[in-house]
Amino acid sequence: MKKNILVTGGAGFIGSHVVRLLVKKYPDYQIYNLDKLTYAGNLENLADIENADNYHFIKGDINDADFVLSLFKKHPFNGVIHLAAESHVDRSIESPMEFVFTNIVGTVNLLNAARTAWQNQFEGHIFYHVSTDEVYGSLEHDDEYFFETTPYDPRSPYSASKASSDHLVRAYSHTFGLPIVISNCSNNYGPNQFPEKLIPLAINNIKHNKTIPVYGKGENVRDWLYVEDHAQAIDVIFHHGKTGETYNIGGNNEWKNIDLIHTLCSVMDRKLNRPEGTSRKLITFVKDRAGHDLRYAIDATKLYSELGWEPSLQFEEGLSKTVDWYLSHEKWMENVITGAYEAYYKKQYEQR
Ligand code: NAD
Ligand code: DAU
């Protein structure tokens, strides 16, 4: 069946993997990538598919309600996969308001536009909100997990903004009957991740013999998932998820930050042909993140038992692939760090 799908935030880390998967796997679909191209949006992430017949890039801001509505009037979208967001916890501590605008107001703009455009003809339509496990708060004990039924307890401006948007998405389902689905995923890693996040930051610093900043004592635990596995899960949920439902997505792969960094240091030493132990010397314990959540751990049983999805990659394999990708894409990293990537849109799109 032909579909027109709006993906928001498709130039970002996870969004770029979702867009690539959809463009390649569904040649009958038209995939529209709406992205403001903030510091986190990088069209170089999609250079390999930008000329595909079924791919369309739209530069725009989800905070602009009139623009978003006009887009839904212009294109008969059957589905929305909403990833656009401010995504970095540290930035939300520095500057919360952007997170309120994009993550909350921007999401409501999209919900309003979908509701207006679909005019209660909801059959065959779906609004999918891609969310985070951080809405559930922080776990204290090793045997605790986040389930879909775990009460929300967000603690950072970022997670509070994502929790708000989840609530609003559910409210539009309950109040107006909008067909929705939500997934809450754990920490992603892999190619195209902006080097403000732990793994690409550490890879880049190790490569250039710079210190690796570990917050606090490095005791915090995250559950890591390879980004292409997340994209696969999103595809499965978008097509087969039950309307109105929430699905947790996780890697079943918990690591204390310090253990993860030790492992990464060994991988980097091997790949860079440096004596074992070289990279570890770069570890520097720094002031902890304010309100730093101790542990996240997802129970993704529902997604496996109802829709058959499970991660395909073991962490060691995923980490090795990730390191290989960053080491073989020096230009990508250089362009991100110097800001040169921001000119890509001008070169490839504005001058056409
Ligand atoms: P990212 O920061 O890499 O990318 C976000 C994208 O959204 C960028 O391309 C940016 O330009 C775009 N964007 C930001 N504000 C916009 C606006 N106002 N209008 C239009 N586009 C805008 O983020 P990511 O890590 O790829 O995360 C994507 C989504 O997945 C987010 O909603 C995030 O909350 C969620 N998530 C991320 C993770 C993770 O580990 N990274 C885990 C679970 C869920
Ligand atoms: O759990 C899902 C979330 O994972 C997503 O919703 C967010 O968008 C995504 O950014 C990520 O949030 P985290 O805060 O967990 O990711 P980050 O890479 O920033 O940090 C991972 C852990 O490493 C966290 O405990 C903080 C720590 N850290 C991070 C940085 C950047 C450090 O010790 N040093 C660092 O320099």
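Whatever comes next refers back to the structure up there.
Summarised in this report is the structure supplied together with it. (Residues numbered from 1 in each chain as written. Chains lettered and ligands numbered in written order. Predicted model: local features only at pLDDT ≥ 70, side-chain atom pairs only at ≥ 80, totals over all residues. Heavy atoms only, no water.)

1. Quick notes on the site of ligand 2
Moving on, step 1. Around ligand 2 sit 23 residues in total, of which Thr132, Asp133, Tyr158, Arg289 and His292 are the nearest.
Moving on, step 2. Note that an oxygen atom of ligand 2 is positioned 2.9 Å from one of the backbone N or O atoms of Leu198.
Moving on, step 3. Measuring from an oxygen atom of ligand 2, one finds a side-chain N or O atom of His292 at 2.7 Å.
Moving on, step 4. Protein chains shield 94% of the accessible area of ligand 2, which is 690 Å² for the free molecule.
Moving on, step 5. Those elements that place two or more of their residues in the shell around ligand 2 are helix 6 (198-207) and strand 8 (212-215).
Moving on, step 6. When residues in the shell around ligand 2 are grouped by element, the largest group, three residues, is from strand 8. (Near = heavy atom within 4 Å. Polar contact = N/O pair within 3.5 Å; in protein donor to acceptor, adjacent residues only side chain to side chain. Areas by Shrake-Rupley, 256 points an atom, 1.4 Å probe, with all protein chains shown as cover. Helix = DSSP H or I, 4+ residues; strand = E, 2+ residues; numbered from the N terminus.)

2. With respect to the packing of helix 6 against helix 10 (residues 315-328)
Moving on, step 1. The contact between helix 6 and helix 10 brings their axes to 11 Å, and the two run at 55°. The pairing of helix 6 with helix 10 is recorded here as oblique in orientation. As for the relative orientation of helix 6 and helix 10, their crossing is right-handed in sense. Across the interface between the two elements, Ile199, Pro200, Ile203 and Lys207 from helix 6 touch Leu319, Thr322, Val323, Tyr326 and Leu327 from helix 10.
Moving on, step 2. Residues belonging to the contact of helix 6 with helix 10 are distributed by class as follows: seven nonpolar, one polar and one charged. (Axes fitted to C-alpha atoms, helices over the stretch in contact; angles between N-to-C directions. Parallel < 35°, antiparallel > 145°, perpendicular 65-115°, else oblique. Left-handed = near helix turned anticlockwise from the far one by under 90°. Contact = heavy atoms within 4.5 Å. Nonpolar A, V, L, I, M, F, W, Y, C, P; charged D, E, K, R; others polar.)

3. Structural notes on the site of ligand 1
Moving on, step 1. For ligand 1, the set of nearby residues contains 29 residues, the closest of which are Ile14, Asp35, Ser87, Tyr158 and Lys162.
Moving on, step 2. A distance of 2.8 Å is found between a nitrogen atom of ligand 1 and a side-chain nitrogen or oxygen belonging to Asp61.
Moving on, step 3. One of the side-chain nitrogen or oxygen atoms of Lys162 is found 2.6 Å away from an oxygen atom of ligand 1.
Moving on, step 4. Taking 840 Å² as the accessible area of ligand 1 by itself, protein coverage stands at 97%.
Moving on, step 5. Looking at the shell around ligand 1, the elements with two or more residues in it are helix 1 (13-25), strand 5 (126-132), helix 5 (157-176) and strand 7 (187-189).
Moving on, step 6. The greatest single-element share of the shell around ligand 1, amounting to three residues, is contributed by strand 5.

4. Side note on the pattern of salt bridges
Two side chains bearing opposite charge may form a pair once their charged atoms approach each other closely.
Moving on, step 1. Inspection of every chain in the model, using the stated rule, returns 13 salt bridges.
Moving on, step 2. Two residues, Arg155 and Asp153, come together in a salt bridge whose shortest N-O distance is 3.4 Å.
Moving on, step 3. Measuring nitrogen to oxygen at the nearest pair gives 2.7 Å for the salt bridge that ties Glu254 to Arg295. A residue pair is termed long-range when its members are at least 10 positions apart, and Glu254 in strand 11 (residues 254-256) and Arg295 in the loop between strand 12 (283-286) and helix 9 (301-307) qualify at 41 residues. (Salt bridge = Lys/Arg side-chain N within 4 Å of Asp/Glu carboxyl O.)

5. Quick notes on unusual backbone geometry
Moving on, step 1. One non-glycine residue, Asn209, adopts positive backbone phi at about 55°.
Moving on, step 2. With respect to the element layout, Asn209 can be found in the loop between helix 6 and strand 8.
Moving on, step 3. Phi is positive for Asn273, close to 55°, though the residue is something other than glycine.
Moving on, step 4. Position of Asn273 among the secondary structure elements: in the loop between helix 8 (257-271) and strand 12.
Moving on, step 5. Assessed through its relative accessible area of 70%, Asn273 is described here as exposed. (Buried < 20%, exposed > 50% of the residue type's maximum accessible area, 1.4 Å probe, protein only.)

6. So, the nonpolar core
Moving on, step 1. Of all hydrophobic cores here, the largest spans 40 residues; its most connected members are Leu43, Tyr55, Ile81, Tyr128 and Ile249.
Moving on, step 2. Counting only elements with at least two residues in this core, the list comes to strand 1 (4-8), helix 1, strand 3 (55-59), strand 5, strand 6 (180-185), helix 7 (227-240), strand 10 (246-249) and helix 12 (344-350).
Moving on, step 3. The greatest single-element share of this core, amounting to seven residues, is contributed by helix 1.
Moving on, step 4. If we ignore the near neighbours within four places in the chain, the residues touching Tyr55 are Val19, Val23, Ile31, Asn33, Leu43, Leu46, Ile49, Glu50 and Tyr349.
Moving on, step 5. Listed in part, the 32 residues of the second largest apolar core include Phe194, Leu260, Phe315 and Trp325. (Core = buried A, V, L, I, M, F, W, Y, C linked by side-chain atoms within 4.5 Å.)

7. Regarding the packing of helix 8 against helix 10
Moving on, step 1. Here helix 8 crosses helix 10 at 55°, and the two axes come no closer than 11 Å. As the angle between them shows, helix 8 and helix 10 are arranged oblique. For the crossing formed where helix 8 meets helix 10, the hand is right-handed. Here Leu260, Thr263, Leu264, Val267, Met268 and Lys271 of helix 8 lie close against helix 10, whose contacting residues are Phe315, Leu319, Ser320, Val323, Asp324 and Leu327.

8. Notes on the environment of Asp28
Moving on, step 1. Turning to its location among the elements, Asp28 is positioned in the loop between helix 1 and strand 2 (30-35).
Moving on, step 2. Asp28 gets classed as partly exposed once you look at its relative accessible area, which sits at 45%.
Moving on, step 3. As for Asp28 and Asp53, which are separated by 25 residues in sequence, their C-alpha atoms are 9.8 Å apart.
Moving on, step 4. Residues contacting Asp28, with those up to four places away along its chain left out, are Lys2 and Lys3.

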